[in-house]
Amino acid sequence: MSEALAKKRKIQKYLGNVEVKIEHCKGCGFCVEFCPTGALELSKSFNKKGYHPPMLVDQNYCNGCDLCGLYCPDFAIFGFRVGPNPNFKKDEKAK
Ligand code: SF4
Ligand code: SF4
């Protein structure tokens, strides 16, 4: 993991989640690159086409903004908001 990615990771005030259509993914990594909170990484497993689909590193880092879905050229991922995050502490800055 790059240092830049690690710096983005903070527990989010609102909790999100992602749905990944694993077999539609071509492993380009755009979603990982553009996620503003560094919540994604490419998994070590392969889909049937031989690509590594993304996965959430930790759900606490995902706020459901759906930028990953916006940037995915293959509509293989989308993000959605779940609700307030019980793990968020007020002294942490929300993104
Ligand atoms: S929904 Fe937003 S925060 Fe969650 S993984 Fe996608 S881009 Fe990142
Ligand atoms: S942007 Fe889409 S195709 Fe590219 S790695 Fe992410 S989910 Fe897969």
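Please refer to the structure placed before this passage.
How each quantity is defined
Residues numbered from 1 in each chain as written. Chains lettered and ligands numbered in written order. Predicted model: local features only at pLDDT ≥ 70, side-chain atom pairs only at ≥ 80, totals over all residues. Near = placed C-beta within 6 Å. Helix = DSSP H or I, 4+ residues; strand = E, 2+ residues; numbered from the N terminus. Nonpolar A, V, L, I, M, F, W, Y, C, P; charged D, E, K, R; others polar. Buried ≥ 20, exposed ≤ 12 C-beta atoms within 10 Å, placed from the backbone. Contact = placed C-beta atoms within 7 Å. Core = buried A, V, L, I, M, F, W, Y, C linked by C-beta atoms within 7 Å.

### Remarks on the site of ligand 1
Next up, step 1: In the neighbourhood of ligand 1, 14 residues make up the surrounding shell, with Cys35, Cys62, Cys65, Cys68 and Gly79 lying closest.
Next up, step 2: Elements with a contribution of two residues or more to the shell around ligand 1: β1 (14-20) and α3 (67-71).
Next up, step 3: Residue composition of the shell around ligand 1, by class: eight nonpolar, five polar and one charged.

### Examining unusual backbone geometry
Next up, step 1: At aspartate 66, a residue that is not glycine, the phi angle is positive and equals roughly 70°.
Next up, step 2: Assessed through the 16 C-beta atoms surrounding it within 10 Å, aspartate 66 is described here as partly exposed.

### A closer look at the site of ligand 2
Next up, step 1: In the vicinity of ligand 2 lie 13 residues, with Cys25, Cys28, Phe30, Cys31 and Cys72 positioned nearest.
Next up, step 2: Of the residues that constitute the shell around ligand 2, the class distribution is nine nonpolar, two polar and two charged.

### A word on the environment of leucine 56
Next up, step 1: Tracing the chain through its elements places leucine 56 in strand β3 (residues 54-56).
Next up, step 2: Ignoring anything within four residues of it in the chain, the contact list for leucine 56 reads Val18, Ala39, Leu40 and Cys62.

### A closer look at the nonpolar core
Next up, step 1: The biggest cluster of nonpolar side chains holds 14 residues, and the ones touching the most others in it are Cys31, Cys35, Leu40, Cys68 and Ile77.
Next up, step 2: With residues near it in sequence (within four places) discarded, cysteine 35 still touches Leu40, Leu67 and Cys68.

### What to know about the environment of arginine 81
Next up, step 1: Assignment of secondary structure puts arginine 81 in strand β4 (residues 77-84).
Next up, step 2: Take arginine 81: there are 15 C-beta atoms within 10 Å of it, and that puts it in the partly exposed class.
Next up, step 3: Between the alpha carbons of arginine 81 and asparagine 63 there is a distance of 6.2 Å; along the sequence they are 18 residues apart.
Next up, step 4: In this view, arginine 81 contacts Tyr14, Gly16 and Gly64; residues no more than four positions away in its chain are not counted.

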